[in-house]
Amino acid sequence: AATAARVPSRAAFAVPIEAGTGAAVSLQGVGKAFGEQTVLDDVHLELRAGSVTVLIGPSGAGKSTLLRLINHLERADSGFVTVGGQLIGYRRDGDTLYELPEGEIRRRRAEVGMVFQGFNLFPHMTALENIIEAPIAVRGISRAQAEQQARTLLERVGLADKADAFPRQLSGGQQQRVAIARALALQPKVLLFDEPTSALDPELVSEVLSVIEELASSGTTLVIVTHELGFARRVADHVVMMDQGRVIEQGTPDALFEHPRQQRTADFLAKTL
Ligand code: ADP
Ligand code: MG
């Protein structure tokens, strides 16, 4: 069983591999099981700052769990995750669990934004209120400053005129664009998208993809789980194919889509295209 240990200084968390690579996100030997089921198996990933990574793979491959680990919504059973060269909160070393203080974990978590399939807006708040809530609560900025920033973000996602609309008054595509603005409001180092268009009617997909595409060219580090392979080809710098909890293949969009080395990748692409 793991022994919890408080580590007194931040220096104790210096992980040798973070120093050299400059990776925005790094997963080293990450494993995760739910009960008897292994969901992630020895996953290694290094994502460059400013890069766009698209994660593909069949349902149940472990894609959402991987995103949730980067965002510290789940905890790895083995290995560790760093964001911006800093541990996301804990590290297991054999049987020893090193854990950061709660406040520090919360601070680091705010550096990773996440956009979910189901929008997850607060239904009783307007678009503007949804966006300013976290910056005020987490970053402690003034309401006036938060509102000014929120209006800029709404403009960026093409919804300048919807500041006072409630989620129920917006289409799914508009709600998802508000959710993206809300994630951006915390100025995350890394933004994660978990099938951001899967819950949308087909005619609303492209407006959300365009917003993500604009972000992709703006230098934010993005990790996107999607089945929209045409989109993936356009925006991705790096494509990662997962199956049964493992990264089975990764490379440039050209390499992966045109010349998959694994039969399972070829089969998946043929089924999804
Ligand atoms: P994907 O996003 O690629 O479809 P997931 O990461 O959601 O895959 O799930 C991988 C596997 O882990 C699935 O078999 C799923 O049922 C299981 N799983 C995910 N979350 C949990 C959980 N909280 N408890 C138990 N099993 C889970
Ligand atoms: Mg999923």
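- The protein is annotated in an unreviewed UniProt entry as Amino acid ABC transporter permease/ATP-binding protein from Stenotrophomonas indicatrix.

What about the environment of L69?
No. 1: Mapped onto the secondary structure, L69 falls in helix α2 (residues 63-70).
No. 2: Each C-alpha atom, one on L69 and one on P253, is 24 Å from the other, the two residues being 184 residues apart in sequence.
No. 3: If we skip the residues at most four places from it in the chain, L69 touches V30, K32, E74, A76 and V81.

Notes on the environment of H259
No. 1: When you line up the elements, H259 lands in the loop between α9 (253-258) and α10 (263-272).
No. 2: The sequence separation of H259 and G60 amounts to 199 residues, and the corresponding C-alpha distance is 24 Å.

Thoughts on the packing of helix α6 (residues 172-184) against helix α7 (residues 205-216)
No. 1: Interaxial distance between α6 and α7 falls to 8 Å at its minimum, and their mutual angle equals 20°. It follows from the interaxial angle that α6 and α7 lie roughly parallel. In this structure, α6 crosses over α7, and the sense of that crossing is right-handed. Of α7, the residues touching α6 (which contributes G173, Q176, R177 and I180) are E207, V208 and V211.
No. 2: Looking at the contact of α6 with α7 residue by residue, the class counts come to three nonpolar, two polar and two charged.

Description of the pairing of strand β11 (residues 221-225)
No. 1: By the criterion of burial, β11 is predominantly enclosed, with five of the five residues buried.
No. 2: Side-chain alternation along β11 places T221, V223 and V225 on one buried face and L222 and I224 on a second face that is also buried.
No. 3: Pairing between strand β4 (residues 52-56) and β11: four bridges, direction parallel. For V52, the partnering residue across the bridge sits in β11 and is L222.
No. 4: Taken together, the five bridges between strand β10 (residues 190-194) and β11 define a ladder with parallel strand orientation. Residue pairing across strands places L191 opposite L222, the latter belonging to β11.
No. 5: Read from β10 through α7 to β11, the crossover connection turns out right-handed.

Quick word on unusual backbone geometry
No. 1: You will see that H72, though not glycine, has its phi angle at about 60°, which is positive.
No. 2: Relative to the helices and strands, H72 resides in the loop between α2 and β5 (78-83).
No. 3: A residue is classified by how many C-beta atoms lie within 10 Å of it, and H72, with 17 of them, is partly exposed.
No. 4: Phi at Q244 is positive, roughly 50°, even though this residue is not glycine.
No. 5: Turning to its location among the elements, Q244 is positioned in the loop between β12 (238-243) and β13 (246-251).

Considering the sheet that holds strand β3 (residues 37-48)
Sheet strands line up and pair through hydrogen bonds in the backbone, either parallel or antiparallel.
No. 1: Reading across from one edge, β3-β2-β5-β6 is the order of the four strands in this open sheet, with antiparallel pairing throughout. Among the strands making up the open sheet, the edge pair consists of β3 and β6 (86-87).
No. 2: Relative to β5, strand β2 (residues 23-34) runs antiparallel, the two sharing five bridges. Bridge pairing in β5 links L27 to V81.

How each quantity is defined
Residues numbered from 1 in each chain as written. Chains lettered and ligands numbered in written order. Predicted model: local features only at pLDDT ≥ 70, side-chain atom pairs only at ≥ 80, totals over all residues. Helix = DSSP H or I, 4+ residues; strand = E, 2+ residues; numbered from the N terminus. Contact = placed C-beta atoms within 7 Å. Axes fitted to C-alpha atoms, helices over the stretch in contact; angles between N-to-C directions. Parallel < 35°, antiparallel > 145°, perpendicular 65-115°, else oblique. Left-handed = near helix turned anticlockwise from the far one by under 90°. Nonpolar A, V, L, I, M, F, W, Y, C, P; charged D, E, K, R; others polar. Buried ≥ 20, exposed ≤ 12 C-beta atoms within 10 Å, placed from the backbone. Pairing = 2+ DSSP bridges. Right-handed = clockwise from strand over helix to strand, strands pointing away.

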